[in-house]
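Residue-level listing of the chains:
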Amino acid sequence: MRYDPQLIVERDDDIYPPSDDSLLLIGSLDIRPGERVLEIGCGSGIVSMHCALNGAAVTCGDVNRRAVELTRRNLALNSLEATVVETDVYSGVEGRFDTIVFNLPYLPVEEEGGLALAWSGGADGLGPLPALIAGAPAHLLPGGRLVVVVSSLMCQDALASLLGGLAVRVLSELPLFFERLSVLEISL
């Protein structure tokens, strides 16, 4: 998909704003009209809005109630539709999807609360990725995929162990001065 700078995106100081990783993820996705997409950790809703703009049937959610409210406002401001739920990974999510997207918290730090929820991936940086993968079979349609953003700062041994045995394809990468971001497509 192409990033659309014309979309109206309100911000909230307690919600992760659209950033380099968000734009990398948007540019890596190839969403077809009618595709059923679930975005976990929707934040401002920027990725979900682009999926809806491209004709997907979108469900999205976040563990942060303020992010859920912000996403609903941003969808309305752009006359886009999606089902928005408060969720911790898959709790509260119903249905099965062609694509599950997550720009997950991936920095290997142990911080809690506020904006740290959006970027703190715990000691190894994997954050909710193990739960995302474990719950995917119950939420993906046959032939479905997970698309996630990962960082070179994550514990690479833990990431390799988690992804071992899964079909993984790198969709795109972005080298930054302190890390390399990668968008992975994971098929189960």
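Higher on the page you've got the structure.
Attention here is on the structure that accompanies the text.

Definitions and cut-offs
- Residues numbered from 1 in each chain as written.
- Predicted model: local features only at pLDDT ≥ 70, side-chain atom pairs only at ≥ 80, totals over all residues.
- Heavy atoms only, no water.
- Helix = DSSP H or I, 4+ residues; strand = E, 2+ residues; numbered from the N terminus.
- Buried < 20%, exposed > 50% of the residue type's maximum accessible area, 1.4 Å probe, protein only.
- Contact = heavy atoms within 4.5 Å.
- Areas by Shrake-Rupley, 256 points an atom, 1.4 Å probe, with all protein chains shown as cover.
- Polar contact = N/O pair within 3.5 Å; in protein donor to acceptor, adjacent residues only side chain to side chain.
- Core = buried A, V, L, I, M, F, W, Y, C linked by side-chain atoms within 4.5 Å.
- Patch = residues over 30% accessible without salt bridge, like charges linked within 9 Å, V, L, I, M, F, W, Y side chains within 5 Å.
- Salt bridge = Lys/Arg side-chain N within 4 Å of Asp/Glu carboxyl O.
- Axes fitted to C-alpha atoms, helices over the stretch in contact; angles between N-to-C directions.
- Parallel < 35°, antiparallel > 145°, perpendicular 65-115°, else oblique.
- Left-handed = near helix turned anticlockwise from the far one by under 90°.
- Nonpolar A, V, L, I, M, F, W, Y, C, P; charged D, E, K, R; others polar.

1. What to know about the overall build of the protein chain
Regarding its fold elements, the protein chain presents five helices and seven strands. Ordered by position in the sequence, the α and β elements of the protein chain form the string α-β-α-β-α-β-β-α-β-α-β-β. Oriented by its inertia axes, the alpha-carbon framework of the protein chain measures out at about 45 × 40 × 30 Å. Looking at the 188 residues of the protein chain, the share that counts as buried comes to 49%. Within the protein chain, residue pairs in contact and separated by at least 24 positions form 64% of the contacts whose partners lie at least 6 positions apart. By element, 51% of the accessible surface of the protein chain is carried by carbon and sulfur atoms, the whole surface being about 8700 Å².

2. Quick notes on the side chain of serine 172
Inspection of the secondary structure assignment puts serine 172 in strand S6 (residues 167-175). A polar atom in the side chain of serine 172 sits 2.3 Å from the side chain of serine 28. Discounting chain neighbours no more than four positions away, the residues touching serine 172 are Leu24, Ser28, Leu181, Ser182 and Val183.

3. Here we look at the nonpolar core
Leu29, Cys51, Ile100, Leu132, Leu146 and Val148 are the most contacted members of the largest nonpolar core, which totals 51 residues. Counting residues per element, this core draws most heavily on strand S5 (residues 140-151), which supplies six residues. Those residues in contact with leucine 29 that sit more than four places away from it in its chain are Met1, Val47, Cys51, Val101, Arg145 and Val147.

4. Things to note about a nonpolar patch on the surface
Nonpolar side chains collect at one region of the surface, where Leu153, Phe177 and Phe178 lie side by side and expose about 370 Å² of accessible area between them. When you line up the elements, phenylalanine 178 lands in the loop between S6 and strand S7 (180-187). The class for phenylalanine 178 is partly exposed, based on a relative accessible area of 43%.

5. Overview of the packing of helix H1 (residues 20-28) against helix H2 (residues 46-53)
Two elements in contact, H1 and H2, have axes whose closest approach is 10 Å; the angle formed by their N-to-C orientations is 20 degrees. Taken together, the axes of H1 and H2 are roughly parallel relative to one another. When the axes of H1 and H2 are compared, the crossing they make is right-handed. Packed against H1, whose contacting residues are Ser22, Leu25 and Ile26, the element H2 presents Ile46, Val47 and His50 at the interface. A per-class count over the contact of H1 with H2 returns four nonpolar, two polar and no charged.

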